[in-house]
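Chain by chain, the residues:
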Amino acid sequence: MEKWGEKLGKWALIDIETSGVNPEEDSIIDVGYLQFEGLKLIKKYSSLVRFPSEEGFYESPPKLSHFIQKLTGIKEKDLKRAPLWSEVRLEVQDLYGHHLIAHNASFEKSFLGPDFEDIDDGSSPREEYEDSLPYLSLLFPQRSTLKLEEFICDWKL
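Quick look at the structure, then. (Residues numbered from 1 in each chain as written. Predicted model: local features only at pLDDT ≥ 70, side-chain atom pairs only at ≥ 80, totals over all residues. Heavy atoms only, no water.)

**Focus on the overall build of the chain**
Next, step 1: Secondary structure summary: the chain contains six helices and five strands in total.
Next, step 2: Along its sequence from the N terminus, the chain presents helices and strands in the succession α-β-β-β-α-α-β-α-β-α-α.
Next, step 3: Relative to its 157 residues, the chain shows a buried fraction of 36%.
Next, step 4: For the chain, contacts bridging at least 24 residues in sequence account for 57% of all contacts bridging at least 6.
Next, step 5: Summing over all exposed atoms, the chain offers an accessible surface of approximately 10,200 Å²; the carbon and sulfur share of this is 54%. (Helix = DSSP H or I, 4+ residues; strand = E, 2+ residues; numbered from the N terminus. Buried < 20%, exposed > 50% of the residue type's maximum accessible area, 1.4 Å probe, protein only. Contact = heavy atoms within 4.5 Å. Areas by Shrake-Rupley, 256 points an atom, 1.4 Å probe, with all protein chains shown as cover.)

**Focus on the environment of Asp115**
Next, step 1: In this fold, Asp115 is placed in helix α4 (residues 105-117).
Next, step 2: Distance from Asp115 to Val92, taken between C-alpha atoms, is 8.5 Å for residues 23 residues apart in sequence.
Next, step 3: With sequence-adjacent residues up to four places away left out, Asp115 is seen in contact with Trp85, Arg89 and Gln93.
Next, step 4: A polar contact of 2.5 Å, which involves the side chain of Asp115, links it to the side chain of Arg89. (Polar contact = N/O pair within 3.5 Å; in protein donor to acceptor, adjacent residues only side chain to side chain.)

**Concerning the packing of helix α3 (residues 85-92) against α4**
Next, step 1: Two numbers describe how α3 lies on α4: the axes approach to 11 Å, and their chain directions differ by 80°. When the axes of α3 and α4 are compared, the pair comes out roughly perpendicular. Residues Trp85, Arg89 and Val92 of α3 lie in contact with α4, whose contacting residues are Leu112, Asp115 and Phe116.
Next, step 2: Within the contact of α3 with α4, the residues separate by chemical class into four nonpolar, no polar and two charged. (Axes fitted to C-alpha atoms, helices over the stretch in contact; angles between N-to-C directions. Parallel < 35°, antiparallel > 145°, perpendicular 65-115°, else oblique. Nonpolar A, V, L, I, M, F, W, Y, C, P; charged D, E, K, R; others polar.)

**A few points about the environment of Glu6**
Next, step 1: Position of Glu6 relative to the elements: it lies in helix α1 (residues 2-8).
Next, step 2: Between the C-alpha atoms of Glu6 and Lys40, which are 34 residues apart in sequence, the distance is 9.4 Å.

**Thoughts on the pattern of salt bridges**
Next, step 1: Counted under the stated rule, the structure contains seven salt bridges.
Next, step 2: Two residues, Asp118 and Arg89, come together in a salt bridge whose shortest N-O distance is 2.2 Å. Separated by 29 residues along the polypeptide, Asp118 in the loop between α4 and β5 (128-131) and Arg89 in helix α3 bring together distant segments of the chain.
Next, step 3: Across the pair Arg143 and Asp154 runs a salt bridge, and its minimum N-O distance is 2.7 Å. Of this pair, Arg143 sits in the loop between α5 (132-139) and α6 (148-154) while Asp154 sits in helix α6, and the two are eleven residues apart along the sequence.
Next, step 4: Its relative accessible area of 22% is what places Arg143 among the partly exposed residues.
Next, step 5: Through salt bridges with shared partners, a single ionic network connects Lys43, Glu91 and Asp94. (Salt bridge = Lys/Arg side-chain N within 4 Å of Asp/Glu carboxyl O.)

Here it is as structure tokens:
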């Protein structure tokens, strides 16, 4: 079993919440991950994130649409004392070169990709994104929805 675990290398389960769907206009407001080497859990990380306003200043509290607040469960007041992305970003960049597993991974990649590009010097492999959606659809073909929240509730995570 250990040899199989060693072949897994460095990987992480990651999830982000954002202020919208456009990485050019919107910001990450919450990030969490479980970082592994093989089968060994190396680090758990979770943080809310304060983001810039349209004027370029950091608001307190930042403005979140009602839709995003309802979708994520994150309220404007929750972000009031959250660290800035410039601080949280360093924690996320620890995942450089890892296999990143996410539910709808292209979404995570659209927001996180530029932060990994900033530290890419070409000397080591970049991170790779793996999407959990195809695997869950194969494992649970009878399900009417593949929403991550449904699995979390069903599995009592």
